[in-house]
Protein chains: 2
Amino acid sequence: MPLSMHSMSVPVFARMLTNVLAWLDQAEKHAESRKFDPGNYLGLRLAPDMLPFARQVQIASDTTKNCVARLAGLEPPKWPDDEKTLDELRARIRKTIEYAQSVPAAQLDGSEAREITVPAGPGRTFTFTGETFLRGFSLPNFFFHVTMIYALLRHAGVELGKMDYLGAP
Amino acid sequence: MPLSMHSMSVPVFARMLTNVLAWLDQAEKHAESRKFDPGNYLGLRLAPDMLPFARQVQIASDTTKNCVARLAGLEPPKWPDDEKTLDELRARIRKTIEYAQSVPAAQLDGSEAREITVPAGPGRTFTFTGETFLRGFSLPNFFFHVTMIYALLRHAGVELGKMDYLGAP
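A quick note: this is a predicted structure, and the numbers were derived from the prediction, not measured.

A. Layout of the environment of Ala151 of chain A. Here Ala151 of chain A is to be found in helix α5 (residues 130-155). Its relative accessible area of 0% is what places Ala151 of chain A among the buried residues. Distance from Ala151 of chain A to Leu46 of chain A, taken between C-alpha atoms, is 8.3 Å for residues 105 residues apart in sequence. With residues up to four places along the chain from it excluded, the contact list for Ala151 of chain A reads Leu46 of chain A together with Leu46 and Met148 of chain B.

B. Structural detail: the interface of chain B and chain A. Counting from both sides, the interface comprises 38 residues of chain B and, opposite them, 38 residues of chain A. Carbon and sulfur atoms make up 71% of the surface buried where chain B meets chain A, a total of about 3400 Å² over both sides. Summed over the shared surface of chain B and chain A, the number is two salt bridges. Linking chain B to chain A there are 16 residue pairs in polar contact (both at pLDDT 80 or more). For the side of chain B that touches chain A, the secondary structure elements donating two or more residues are α1 (10-34), α5 (130-155) and α6 (162-166) of chain B. By residue number, the principal contributor to the side of chain B that touches chain A is α5 of chain B, which donates 17 residues. Looking at the side of chain B that touches chain A residue by residue, the class counts come to 24 nonpolar, seven polar and seven charged.

C. Main features of the relation of the copies chain B and chain A. Once chain B is rotated about the relating axis by 180° and shifted along it by 0.0 Å, it coincides with chain A to within an RMSD of 0.0 Å. Taken together, the rotation and translation describe the operation of a two-fold axis. The fraction of interface residues of chain B whose copies in chain A are also interface residues reaches 100%, indicating that both copies meet through the same surface.

D. A look at the pattern of salt bridges. Residue and element names in this part refer to chain A. Using the criterion set out here, one finds 20 salt bridges over all chains in the structure. A salt bridge links Arg90 to Asp87, with the nearest nitrogen and oxygen atoms 3.0 Å apart. Within this pair, Arg90 and its partner Asp87 are both found in helix α3 (residues 86-102), separated by three residues, close to a single helical turn. We classify Asp87 as exposed; its relative accessible area is 53%. Taken together, the shared-partner salt bridges connect Arg55, Asp62, Lys65, Asp81, Glu83 and Arg92 into one network.

E. View of the pairing of strand β2 (residues 125-129) of chain B. Residues and elements named next belong to chain B. Only one face of β2 is buried: it carries Phe126 and Phe128, and the other face, with Thr125, Thr127 and Thr129, is open. Sheet topology places strand β1 (residues 115-119) next to β2; five bridges connect them, and they run antiparallel. Note that in β2 the partner of Thr117 across the bridge is Thr127.

Reading the values: the criteria
- The residue count restarts for each chain, going from 1 along the sequence in the order it is written.
- Key to labels: chains lettered from A, ligands numbered from 1, both in the order written.
- A pLDDT threshold of at least 70 governs which residues receive local features in this predicted model, and a stricter bar of 80 or more applies before side-chain atom pairs are shown or counted, although totals over entire chains, interfaces and linings include all residues.
- Side-chain measures were taken over the full set of non-hydrogen atoms in the model, leaving aside hydrogen atoms and water.
- Secondary structure is summarised from DSSP: a helix means a run of H or I of at least four residues, a strand means a run of E of at least two, and numbering begins at the N terminus for each.
- Relative accessibility thresholds used throughout: buried, under 20% of the residue-type maximum; exposed, over 50%; partly exposed, between the two (1.4 Å probe, protein chains only).
- Two residues qualify as a contact provided that any one of their heavy atoms is within 4.5 Å of a heavy atom in the partner residue.
- Summed over both partners, the accessible area lost on bringing two parts together, with a 1.4 Å probe, is the buried area.
- By definition here, a salt bridge exists when the distance from a side-chain nitrogen of Lys or Arg to a carboxyl oxygen of Asp or Glu is within 4 Å.
- We define a polar contact as two N or O atoms separated by no more than 3.5 Å, with the added condition that, inside protein, one atom must be a possible hydrogen donor and the other a possible acceptor, whereas residues neighbouring each other in sequence contribute only through side-chain atom pairs.
- Amino acids are sorted into nonpolar (Ala, Val, Leu, Ile, Met, Phe, Trp, Tyr, Cys and Pro), charged (Asp, Glu, Lys and Arg) and polar (every other residue, Gly among them).
- Superposition of the copies was done by least squares, using only C-alpha atoms of residues whose pLDDT is at least 70 in both.
- DSSP calls a pair of strands paired once it identifies at least 2 bridges connecting them.

Next up, the structure:
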């Protein structure tokens, strides 16, 4: 089967987000063994002018739902970004996977040349084709935030390795 | 044009590696303004059991050349991983982009179902189809190491923002 806009988006997002769920379980075990509140992860930052852990998870979720919705010609669902605990972040990730997998593949496929306009700050937009939106914006952004989640957990001492990052082959 | 194995690999690698070149320039300016040896970046680690900066660059390069070569049915070039300065890392990145762009698109295209076997430590291998190799192994690994390069530089105080990460649209 040739690659398609669906095969190069939804399975990538779903698999990496499933891996993130396992990292959060590992982070919770680490917090229990060291006797600290797992909620402490949510405010961690790699640098004071970088976004905290909870936002990294929310934006990994946003990148997924916005990509899938826009490629399919749908309005992306709006979610309130009010998660305050690891459990709520886990629920957000599960909801994201479910949403991505709920959009029929046929609605994404063939969207290579579809014009996609996304907000880029006050009064500005970026315009892409479906293909450049997936390849040059959505996938790089998604992997950025997923890797930041991993980097913050590793930096915090959580035991994770490259195979946890990649997940089941 | 439908997506192809070439369009979803070489342009992604080439663009992100071009962005990395600009981050290294920014890192060098930061070192000059703070009067430290830019070679100090090469040993930085986010955690003591994570690979240092220089290895992150070398592995981003390896992921690219190995992906392109294997999809094209070629033996990946072997490079010695002996870079000791930012300049040598820049040269490694440029050589990687040139190699990736030197392989004709037609040699990658149609490799979705090609069997790809990669070494996975002593006596072990992973076997993929071209599609799962690209989607579930090469792209996640590539973005992991590129994001780690960015994370290490941000953590070290280099002025970079999300638009530097994404590069020219």
